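Here's the letter readout for the chains.
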Amino acid sequence: GQSLEQPSEVTAVEGAIVQINCTYQTSGFYGLSWYQQHDGGAPTFLSYNALDGLEETGRFSSFLSRSDSYGYLLLQELQMKDSASYFCAVSRIGAAGNKLTFGGGTRVLVKP
Amino acid sequence: DVKVTQSSRYLVKRTGEKVFLECVQDMDHENMFWYRQDPGLGLRLIYFSYDVKMKEKGDIPEGYSVSREKKERFSLILESASTNQTSMYLCASSLVGLAGSHEQFFGPGTRLTVL
């Protein structure tokens, strides 16, 4: 089967840095994605790693280590609007197409 | 902008009713997905479709069926709704292939309550 583990909640202050870890066990792994979801909103795509290393997109960065089955999302210069849930998701190669399996989500609360 | 729309934001049904949730996307995506989202469990895949009339079971297909008669439309059917199907239902679409399938575009969700 597939499983992903990420912390359930993280609290930090504005301007701080938060790292959300994600460990996974899955067959047919192709890559790791991150999604953001504000309360009452739809999940939106943030970043994707297919190769080992760091991908940077503005204040957000994502890292993958395939050998360790581990990745993280780094949120820098936290802003109040970053308060949201963040989900890691593995891309799996399947005979009938490519699917995502999501982790349980990490709720990030940014305090003033 | 990719747009994925769902037929209802909120829906209340009674146990045993047949329920239809509809999803439409306007970006000519091949892949379409139905998830349910419950607190602490993330998004769990119910069914997906990679082409018209093609469907595959996801991780939790029991109690659900789907229909894809047109490329832009993907319907989720609860044949006989039960209280444990009370949840947020999210539809998504994506391109096919390894280069694009990791980015899924989600609709706003339908919060279904089964009484």
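Only a predicted model underlies this, so the values are computations on that prediction, with no experimental measurement involved.

Parameters and conventions
- Residues numbered from 1 in each chain as written.
- Chains lettered and ligands numbered in written order.
- Predicted model: local features only at pLDDT ≥ 70, side-chain atom pairs only at ≥ 80, totals over all residues.
- Heavy atoms only, no water.
- Pairing = 2+ DSSP bridges.
- Helix = DSSP H or I, 4+ residues; strand = E, 2+ residues; numbered from the N terminus.
- Axes fitted to C-alpha atoms, helices over the stretch in contact; angles between N-to-C directions.
- Contact = heavy atoms within 4.5 Å.
- Salt bridge = Lys/Arg side-chain N within 4 Å of Asp/Glu carboxyl O.
- Nonpolar A, V, L, I, M, F, W, Y, C, P; charged D, E, K, R; others polar.
- Polar contact = N/O pair within 3.5 Å; in protein donor to acceptor, adjacent residues only side chain to side chain.
- Core = buried A, V, L, I, M, F, W, Y, C linked by side-chain atoms within 4.5 Å.
- Buried < 20%, exposed > 50% of the residue type's maximum accessible area, 1.4 Å probe, protein only.
- Disulfide = S-S within 2.5 Å.

Turning next to the sheet that holds strand β6 (residues 53-57) of chain A. Residue and element names in this part refer to chain A. The 5 strands are arranged β1-β3-β8-β7-β6 in an open sheet whose pairing can be described as antiparallel. If you trace the sheet from one side to the other, it starts and ends with β1 (3-5) and β6, each paired once. Pairs of neighbouring strands in the sheet enclose a mean axial angle of 15°, with direction left out of account. Across 3 bridges, β1 lies against strand β3 (residues 18-25) in antiparallel orientation. Following the sheet pairing, E5 is matched in β3 by T23.

Attention now moves to the interface of chain B and chain A. In this complex, chain B contributes 25 residues to the contact, which on the side of chain A involves 22 residues. Joining chain B to chain A, the criterion identifies 0 salt bridges. Contributing elements (two or more residues each) for the side of chain B that touches chain A: β4 (31-38), β5 (42-51) and β6 (54-57) of chain B. Along the lines of polarity and charge, the residues of the side of chain B that touches chain A split into 11 nonpolar, 9 polar and 5 charged.

Quick look at the side chain of R36 of chain B now. All names here are of chain B. Counting through the fold element by element, R36 comes out in strand β4. Looking at R36, its side chain comes within polar contact range of the side chain of D38, at 2.9 Å. There is a polar contact of 3.0 Å between the side chain of R36 and the side chain of Y64.

Moving on, we get to the nonpolar core. Nonpolar side chains in soluble globular proteins tend to be buried together. In this structure, I20, L32, L75 and Y86 of chain A are the most contacted members of the largest nonpolar core, which totals 21 residues. At the level of secondary structure, the elements contributing two or more residues to this core comprise β2 (9-13), β3, β4 (29-37), β7 (60-65), β8 (70-75), β9 (84-94) and β11 (106-111) of chain A. Excluding residues that lie within four positions of it along the chain, I20 of chain A makes contacts with Q6, P7, W34, G71, Y72, L73, L75, Y86, T106 and V108 of chain A. Formed by 20 residues, the second largest nonpolar core is a distinct cluster that contains I60, V66, A81 and L112 of chain B.

Moving on, we come to the pairing of β5 of chain B. Residue and element names in this part refer to chain B. Among the 10 residues of β5, 7 are classified as buried, and the element is accordingly described as predominantly covered. Direction of pairing for β4 relative to β5: antiparallel, over a ladder of 7 bridges. In the strand pairing of β5, W34 is matched with Y47. Here β4 folds back onto β5, and the loop between the two strands holds 3 residues, one of which, G40, carries a positive phi near 80°. When β5 meets β6, the two strands line up antiparallel, connected through 3 bridges. In the sheet register, F48 faces β6, and the bridge partner there is E56. From the end of β5 to the start of β6, which pair antiparallel, there are 2 residues, and K53 there has a positive phi angle of about 65°.

A separate point is the state of the cysteines. By definition, a disulfide is the covalent link that joins the sulfur atoms of two cysteine residues. All chains considered together, the criterion is met by 2 disulfides over all chains. Between C22 of chain A and C88 of chain A runs a disulfide, and the two sulfur atoms are separated by 2.1 Å. Disulfide C22 of chain A-C88 of chain A: torsion about the S-S bond near 75°, hence right-handed. Residue C22 of chain A is found in strand β3, and its partner C88 of chain A is found in strand β9; the two are separated by 66 residues along the sequence. Since its relative accessible area comes to 0%, C22 of chain A is described here as buried. Take C88 of chain A: its relative accessible area is 0%, and that puts it in the buried class. A disulfide bridge connects C23 of chain B with C91 of chain B, and the sulfur atoms are separated by 1.9 Å. Here C23 of chain B and C91 of chain B share a disulfide; its torsion about the S-S bond, -75°, makes the bridge left-handed. Of this pair, C23 of chain B sits in strand β3 (residues 19-25) while C91 of chain B sits in strand β9 (residues 87-94), and the two are 68 residues apart along the sequence. Accessibility expressed as a relative area gives 0% for C23 of chain B, which makes it buried.

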